[in-house]
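Listed below, chain by chain, are the residues.
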Amino acid sequence: MVTEHLQILAQRAQSGHVDSFGKIYDLLVEKIYRFIFFRIGVREETEDLTEEVFFKVYQKIQSYRNEGVPFEAWIFKIARNQIIDYYRTKKDLSSLDDHFEIEDPGLTPEEYTEKTISQEEMLEALKKIPDSYQELIILKFIEGKDNEEISHILDKPIAHIRVLQSRSLKALKKVVKKEKKK
Amino acid sequence: MRKDILITLKSLKELKMASPNPTFKQNAKSRLIERIKLDQNMTVSYAPRVSNRFVYPFAFAVFLLFSASGTVFAAQSSNPNEFLYPVKIASEKVALAITSPIPSLNSQVAELVEKRRVEETTELEKREKQDFDKNSTIDKEDKVHPAKKQEPKTIQEQNKQKPTKGQVKSKSTQLENKTKKKSQDSISSGKPERKQDNARNDKPEKKEDHPNPENNSSEKSNSKSKN
């Protein structure tokens, strides 16, 4: 339903309808922001990159063709390329460690102690696995996207996505175990 | 363990810091729409952009088409033994092959091709005749003016053939002697001195043979006075 709505909005935006583009932004800004934040970890940078991604979407919207690729996946692909460019210019992957700070997730005190610790551990563990695994975990287990959509975003076949999925989970498990032992 | 990981991963979606600030959302949206409107003003038309990967092959195809059609067009006026003549023949063959399923057109094209062959042969004959005439006139000229060929062409050769100062002096003395002799003869024969002057001026002999009418009249007057 949402994908169809997005498709119609995309067509309108292609014909120069600015309000439709505004609606696309409203629908996807949170998802894109989250995707960038989990990969970068810096709020200010995430905000800048999110804005830039949406402007790029506007610039490239004429080249979008609805040939089996959902519009949302197409935007995620642009966001992914933006992140790659960001790291290419920065060439400082280690800086990722310094910027993560856990904020109040709005849970009950019991849940808070239980979940925040695990969330912190999880964020730490995520940073320690390879980039391709990170991307897949964010898209698959945090955003809840299906394999087909992920294959469009990452430009990889579905079979490869399945393999990557199990490998990334194994890698994350290993890292979490290590962190707990410490 | 795996379940725990999956649950915590899902919970990360609700993490407050992982979602954008509402003020940022609003400000970013307004900034974005402003940028888009500015960009739209810059580019008024929404013409679909043609990517470069189609432009170069298309340009190359157009170039090939133009050059091929140009050579075929140029070949139409070629004659046998010329560089483009095979192209002309090939184009005729293609035309015949294309029109072969249509009998009426096929005969017309065949007639045209035959006509062309006849024109080519007449053109060739004409050219041969012209060449033959040219050669014959050149031979005749050589026979009539053989000296022309011997004439020196270069400046050095011309200078070589020019007489030296000594030669010129000797020639002038020879002429003076001749005129002196002639004057002596005229005195003895009683002819007027004017002719002597003419001789001194080295006038050509032809003029002496055919003197001016004024000279004739003077001569006549002299003869009358003598009489």
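Everything quoted here is computed from the prediction, not taken from an experiment.

Draft legend 1. Just the pattern of salt bridges, in detail. In the structure shown here, the tally under the stated rule is 19 salt bridges over all chains. A salt bridge links Lys 25 of chain B to Glu 30 of chain A; its shortest N-O distance comes to 3.0 Å. One end of the pair, Lys 25 of chain B, is in helix 2 (residues 22–42); the other, Glu 30 of chain A, is in helix 2 (residues 18–40), on a second chain. The residue Lys 31 of chain A makes a salt bridge to Glu 72 of chain A at a minimum N-O spacing of 3.1 Å. Note that Lys 31 of chain A is positioned in helix 2 and Glu 72 of chain A in helix 4 (residues 71–90), a separation of 41 residues in sequence. The class of Glu 72 of chain A is buried, set by a relative accessible area of 6%. Several salt bridges converge on common partners, so that one network encompasses Lys 88, Glu 92, Arg 116, Arg 117 and Glu 120 of chain B.

Draft legend 2. Region of interest: the packing of helix 2 of chain A against helix 3 (residues 43–60) of chain A. All names here are of chain A. Across the interface, helix 2 lies against helix 3 with an axial gap of 9 Å and an inter-helix angle of 135°. The angle between helix 2 and helix 3 places the two elements in the oblique class. In the packing of helix 2 onto helix 3, the handedness of the crossing is right-handed. For the pair helix 2 and helix 3, the contacting residues are Phe 21, Ile 24, Tyr 25, Leu 28, Val 29, Ile 32, Tyr 33, Ile 36, Phe 37 and Ile 40 in the first and Arg 43, Glu 45, Thr 46, Glu 47, Leu 49, Thr 50, Val 53, Phe 54, Val 57 and Tyr 58 in the second. The residue inventory of the contact of helix 2 with helix 3, partitioned by class, reads 15 nonpolar, two polar and three charged.

Draft legend 3. Inspection of the confidence of the model for chain B at higher detail. All names here are of chain B. Overall, the predicted model of chain B reaches an average pLDDT of 72, with 59% of residues at or above 70. Within chain B, no element has a lower average pLDDT than helix 10 (residues 205–209), which sits at 45, and none a higher one than helix 3 (residues 52–75), at 88. Counted against residues more than four places away or in other chains, residues 190–221, with its pLDDT under 50, gives 15 contacts. A low-confidence stretch, residues 223–227 stays under pLDDT 50, and its non-local contacts, those more than four residues away or across chains, total one contact. The ipTM value of the predicted complex is 0.74, and its pTM value is 0.51.

Draft legend 4. How the structure looks around the packing of aromatic side chains. Using the criterion set out here, one finds 11 aromatic pairs over all chains in the structure. With centroids separated by 5.3 Å and ring planes inclined at 65°, the aromatic side chains of Phe 35 of chain A and Phe 76 of chain A adopt a geometry described as edge-to-face. Residue Phe 35 of chain A is located in helix 2, and its partner Phe 76 of chain A is located in helix 4; the two are separated by 41 residues in the primary sequence. Like Phe 76 of chain A, Phe 35 of chain A is buried. Linked through ring pairs, Tyr 33, Phe 37 and Phe 38 of chain A together with Phe 24 of chain B together constitute an aromatic cluster.

Draft legend 5. Representation of the interface of chain B and chain A in the model. Contact with chain B, which involves 31 residues of that partner, is made by 44 residues of chain A. Summed over both sides, the interface between chain B and chain A buries roughly 3900 Å², with carbon and sulfur atoms accounting for 68% of that surface. Taken together, the links from chain B to chain A amount to four salt bridges. Put simply, Arg 35 of chain B and Glu 52 of chain A hold a salt bridge, and the shortest N to O gap is 3.6 Å. Here chain B and chain A share seven residue pairs in polar contact (both at pLDDT 80 or more) between them. Going through the elements one at a time, helix 1 (2–11) and helix 2 of chain B are the ones with two or more residues in the side of chain B that touches chain A. Per element, the largest residue contribution to the side of chain B that touches chain A is 11 residues, and it comes from helix 2 of chain B. Each residue belonging to the side of chain B that touches chain A can be placed in one class, and the counts come to 15 nonpolar, five polar and 11 charged.

Here is what the cut-offs are and how they apply
Residues numbered from 1 in each chain as written. Chains lettered and ligands numbered in written order. Predicted model: local features only at pLDDT ≥ 70, side-chain atom pairs only at ≥ 80, totals over all residues. Heavy atoms only, no water. Salt bridge = Lys/Arg side-chain N within 4 Å of Asp/Glu carboxyl O. Helix = DSSP H or I, 4+ residues; strand = E, 2+ residues; numbered from the N terminus. Buried < 20%, exposed > 50% of the residue type's maximum accessible area, 1.4 Å probe, protein only. Axes fitted to C-alpha atoms, helices over the stretch in contact; angles between N-to-C directions. Parallel < 35°, antiparallel > 145°, perpendicular 65-115°, else oblique. Left-handed = near helix turned anticlockwise from the far one by under 90°. Contact = heavy atoms within 4.5 Å. Nonpolar A, V, L, I, M, F, W, Y, C, P; charged D, E, K, R; others polar. pLDDT = per-residue confidence, 0-100. Phe/Tyr/Trp six-rings, centres within 6.5 Å; stacked < 30°, edge-to-face > 60°. Buried area = accessible area lost by both parts, 1.4 Å probe. Polar contact = N/O pair within 3.5 Å; in protein donor to acceptor, adjacent residues only side chain to side chain.

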